[in-house]
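Next come the chains, spelled out residue by residue.
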Amino acid sequence: MTSTAAGLVPALRPGACQLWWASVRDAHPALRGLLDAAGRARNDRLRRPAARALHLTAHALARTVAAAHLGVPVAELTLTATCKGCGGPHGKPRPPGPLRLSWSHSGDRVVLAVTPGTEVGVDVERIVPHARETAERVLREPERAVLAALPEPRRPAGFVRYWTRKEALLKATGDGLAVSPALLHVTAPDAPPRLLSWSGPDRPRLPLRLYDLDAGAGHLAALASVGAPVRPAVHDGSALLAAAVTAADLPRAARDLIPLTPERPVVP
């Protein structure tokens, strides 16, 4: 099968975590064809053009990469979600089988994390000023003290570093913001990323691991995994989406599947 995206999605190896980075500028109307009906409806409900572009880019990227790893046409890929708390049809999206996904978008950046079985969470945020009330709601007292001791110009990035680490952890566990970020205590912004404590009865039993990521100018990002460590590897999501847009001009049978490299995938 021929595709302009052939060779852009390498096979997953055990212990690997592929990080696919893209930009809001990668949004293109042709990518709507990679979304399912619910995704297109959600995209249509977003009023701000920037929000629609970020949503379209993130979901098209996630579906393209997941379909490639599973060896199925993008149009046939089903992502399901079940809330960890209430069991409702919402929460962390899951493809069939052991493949695990997490994605995030903010400002100009979109990131997708993919592993062959380890639960992961990823978060990217644009660095912007924050209100004191937000810090009080999100941070533990020792974290607020560290943040207050930073020179004022460094406080926005310091807060975002705290926030991305906490949200990555909560996305990895599947709790999301149903668990208050203030229950988590993580290391200071300038220290290696690590969870120091998790208050309350719902602390996961497996080890939680944290990684700071390079998100480019004006943004910060973090990755978390549950249980096993992962080896993050960066991939070009912008090139993959550009190839998908080009493939939209091909006959349907040729464009639905973005093939893997010749290596065999580890995910059935």
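Just so it is clear, the structure is predicted and the values come from calculations on it, not from any experiment.

Cut-offs used in this document
Residues numbered from 1 in each chain as written. Predicted model: local features only at pLDDT ≥ 70, side-chain atom pairs only at ≥ 80, totals over all residues. Heavy atoms only, no water. Helix = DSSP H or I, 4+ residues; strand = E, 2+ residues; numbered from the N terminus. Buried < 20%, exposed > 50% of the residue type's maximum accessible area, 1.4 Å probe, protein only. Areas by Shrake-Rupley, 256 points an atom, 1.4 Å probe, with all protein chains shown as cover. Salt bridge = Lys/Arg side-chain N within 4 Å of Asp/Glu carboxyl O. Contact = heavy atoms within 4.5 Å. Pairing = 2+ DSSP bridges. Axes fitted to C-alpha atoms, helices over the stretch in contact; angles between N-to-C directions. Parallel < 35°, antiparallel > 145°, perpendicular 65-115°, else oblique. Nonpolar A, V, L, I, M, F, W, Y, C, P; charged D, E, K, R; others polar. Left-handed = near helix turned anticlockwise from the far one by under 90°. pLDDT = per-residue confidence, 0-100. Core = buried A, V, L, I, M, F, W, Y, C linked by side-chain atoms within 4.5 Å.

Draft legend 1. Summary view of the overall build of the protein. When helices and strands are counted, the protein shows seven helices and eleven strands. The buried share of the protein, taken over its 268 residues, is 50%. Of the roughly 12,600 Å² of accessible surface on the protein, a fraction of 56% belongs to carbon and sulfur atoms.

Draft legend 2. Molecular detail of the pattern of salt bridges. For the structure on display, the rule yields eleven salt bridges. The shortest N-O distance in the salt bridge between Arg25 and Asp108 comes to 2.9 Å. In this pair, Arg25 is assigned in the loop between strand E1 (16–23) and helix H1 (37–45) and Asp108 in the loop between strand E4 (100–106) and strand E5 (109–115), connecting sequence segments 83 residues apart. In this structure, Glu141 engages Arg144 in a salt bridge whose closest nitrogen and oxygen atoms are separated by 2.6 Å.

Draft legend 3. Structural context of the side chain of Thr118. Tracing the sequence through the fold places Thr118 in the loop between E5 and strand E6 (120–126). Judged by relative accessible area, which is 16%, Thr118 ranks as buried. Beyond its immediate stretch of four places on either side in the chain, Thr118 contacts Arg100, Ser225, Val226, Ala228 and Val230.

Draft legend 4. Just the pairing of strand E10 (residues 219–226), in detail. Counting buried residues in E10 gives eight out of eight residues, a clear majority hidden from the surface. Burial along E10 is two-sided: His219, Ala221, Leu223 and Ser225 facing one way and Leu220, Ala222, Ala224 and Val226 facing the other are all buried. Two successive antiparallel strands, strand E9 (residues 208–213) and E10, enclose a turn made up of five residues, where Gly216 displays a positive phi of approximately 90 degrees.

Draft legend 5. The arrangement of the packing of helix H2 (residues 49–70) against helix H6 (residues 237–247) in detail. Running from N to C, H2 and H6 point in directions that differ by 85 degrees, and their axes come no closer than 10 Å. The orientation of H2 with respect to H6, classified from their angle, is roughly perpendicular. Two secondary-structure elements touch here, H2 through Thr57, Ala60, Leu61, Thr64 and Val65 and H6 through Gly237, Leu240 and Leu241. Partitioning the contact of H2 with H6 into residue classes produces five nonpolar, three polar and no charged.

Draft legend 6. Structural detail: the packing of helix H4 (residues 141–149) against helix H5 (residues 155–173). At a minimum axis separation of 8 Å, H4 and H5 run at an interaxial angle of 150 degrees. Comparing the axis directions of H4 and H5 gives the class roughly antiparallel. With respect to the hand of their crossing, H4 and H5 are arranged in right-handed fashion. Side by side, H4 and H5 meet where Glu143, Val146, Leu147 and Ala148 of the first sit next to Arg155, Gly158, Phe159, Tyr162 and Lys166 of the second. Residues that form the contact of H4 with H5 fall into these classes: five nonpolar, one polar and three charged.

Draft legend 7. Representation of the confidence of the model for the protein. Averaged over the protein, the pLDDT score is 88; the fraction of residues at 70 or greater is 87%. The model gives residues 250–268 a pLDDT under 50, and that stretch makes 55 contacts with residues more than four places away or in other chains.

Draft legend 8. Examining the environment of Ala53 more closely. Residue position: Ala53 is located in helix H2. Measuring from C-alpha to C-alpha, the distance between Ala53 and Asp108 comes to 9.8 Å, with 55 residues separating the pair along the chain. The residues touching Ala53, leaving out its near neighbours within four places in the chain, are Val24 and Ala27.

Draft legend 9. Fine view of the nonpolar core. Trp20, Leu31, Leu61, Leu112 and Val114 are the most contacted members of the largest nonpolar core, which totals 33 residues. Mapped by element, the contributors of at least two residues to this core are E1, H2, E4, E5 and H6. For this core, the element with the most residues is H2, which contributes twelve residues. If sequence neighbours within four positions are ignored, Val114 has contacts with Leu12, Ala16, Cys17, Gln18, Trp20, Val65, His69, Leu99, Arg100 and Leu101.

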